[in-house]
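# Results of the structural survey
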Amino acid sequence: REEWMKKSSEAKKLFLEFFYDRTKKILELSQRIENFENSADMFYQEGRYHEALQLIKPIIADFEALDYFKETDHVEYFNFENAVQKFLWQSYDGRTKQIGYSFLNVRYIYYSYGWLLIKCKFWNEARRALEKAYKWDPVAVKNIFKLLETYSLDELDSFFEFLKFAYKFCYTKEDLAECYRGFAHVFIQKKKYKDALCCYKIGCSY
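Described below are features of the structure shown in this document. As the structure is a computational prediction, the values presented were derived from the model and not from experiment.

A count of helices and strands for the chain gives ten helices and two strands. Across the chain, helices and strands are ordered from the amino to the carboxyl terminus as α-α-α-β-α-β-α-α-α-α-α-α. Here the C-alpha coordinates of the chain stretch approximately 75 × 45 × 30 Å along the principal axes. Sorting the 206 residues of the chain into buried and exposed places 40% on the buried side. Approximately 12900 Å² of the chain is accessible, and the part contributed by carbon and sulfur atoms is 52%. Each charge class in the chain was averaged separately, 33 positive and 31 negative side chains, and the resulting centres sit 2 Å apart.

Have a look at this one:
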């Protein structure tokens, strides 16, 4: 407030113009994300992945051009899917920064973008998009599972470590089943077939 009171009338006017222009862009972008979400299932069911990709690309570009969420030494921003994920992240060791929240559903658009890129076999671009989805919601294991699809066999050890990290945040039967299938995959590649079978059977129990 003190900083604001010291500003000249012209400086206040410029700031308010900037603020309202930015707010308008955010509201428009939010509506575009919602519109895409409402139409996405139709494109997916009909296998029109390239068309859906062309729809989501400008949304991604405009969000990144907005450059709205600035992390600082004390605040980091997230877009958790639900309150459980927020609690899991707050409880995880090593969290020191205050949590800020994106009111734009950027977790969804980056995940969808990555998913579509995989469907269109643009693997490098998919990985970059899914890494951003993971950044916005690091405890959503579906983000991690989808990101792991872009790993090669040469990255098996990194795959295994990332999967063990994901295991900490599995809280549904489906998540646990997927995680154990991933462990089985690792052990098969390492020719540890008894361990692979064990993981597979545990996964089936979920």
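From this point, the discussion proceeds with the structure in view.
This part takes up the environment of Ile188. Inspection of the secondary structure assignment puts Ile188 in helix 9 (residues 173-189). Under the relative-accessibility criterion, Ile188 is labelled partly exposed at 43%. Note: C-alpha distance between Ile188 and Ala166 (22 residues apart in sequence) is 19 Å. For Ile188, the residues in contact, after removing those within four places along its chain, are Tyr193 and Ala196.

Oppositely charged side chains can form a pair if their charged atoms are brought close together. Tallied over the entire structure, the rule returns 13 salt bridges. Here Asp137 and Arg107 are joined by a salt bridge, their closest N and O atoms 3.8 Å apart. Placement of Asp137 in the loop between helix 6 (123-136) and helix 7 (141-148) and of Arg107 in helix 5 (residues 106-119) is noted, with a sequence separation of 30 residues between them. Residue Asp137 is classed as buried on the basis of its relative accessible area of 0%. For Arg107, a relative accessible area of 10% gives the class buried. Shared partners join several salt bridges into a network, and the residues in it are Glu46, Arg48 and Glu51.

Take the packing of aromatic side chains next. Aromatic ring pairs are reported here in terms of the distance separating the ring centres and the angle at which the planes meet. Enumeration according to the criterion identifies 23 aromatic pairs in this entry. Look at Phe19 and Tyr20: their rings are 5.4 Å apart centre to centre, the planes differ by 75°, and that puts the pair in the edge-to-face class. Of the residues examined, Tyr20 reaches a relative accessible area of 55% and is grouped as exposed. Between the NZ or CZ atom of Lys135 and the centre of the ring of Trp136, over which it lies, the distance is 3.9 Å.

Turning to the packing of helix 8 (residues 156-167) against helix 9, a few remarks are in order. In the contact formed by helix 8 and helix 9, the axes pass within 10 Å of each other and the chain directions differ by 155°. With respect to each other, helix 8 and helix 9 are oriented roughly antiparallel. Handedness of the crossing formed by helix 8 with helix 9: left-handed. From helix 8, Leu156, Phe159, Phe160, Leu163, Lys164 and Tyr167 reach across to helix 9, where they touch Leu176, Cys179, Tyr180, Gly182, Phe183, His185, Val186, Phe187 and Gln189.

Criteria and thresholds
- Residues numbered from 1 in each chain as written.
- Predicted model: local features only at pLDDT ≥ 70, side-chain atom pairs only at ≥ 80, totals over all residues.
- Heavy atoms only, no water.
- Helix = DSSP H or I, 4+ residues; strand = E, 2+ residues; numbered from the N terminus.
- Buried < 20%, exposed > 50% of the residue type's maximum accessible area, 1.4 Å probe, protein only.
- Areas by Shrake-Rupley, 256 points an atom, 1.4 Å probe, with all protein chains shown as cover.
- Lys, Arg positive; Asp, Glu negative; His and termini not counted.
- Charge placed at Lys NZ, Arg CZ, Asp CG, Glu CD.
- Contact = heavy atoms within 4.5 Å.
- Salt bridge = Lys/Arg side-chain N within 4 Å of Asp/Glu carboxyl O.
- Phe/Tyr/Trp six-rings, centres within 6.5 Å; stacked < 30°, edge-to-face > 60°.
- Lys NZ or Arg CZ within 6 Å of the ring centre and 35° of its normal.
- Axes fitted to C-alpha atoms, helices over the stretch in contact; angles between N-to-C directions.
- Parallel < 35°, antiparallel > 145°, perpendicular 65-115°, else oblique.
- Left-handed = near helix turned anticlockwise from the far one by under 90°.

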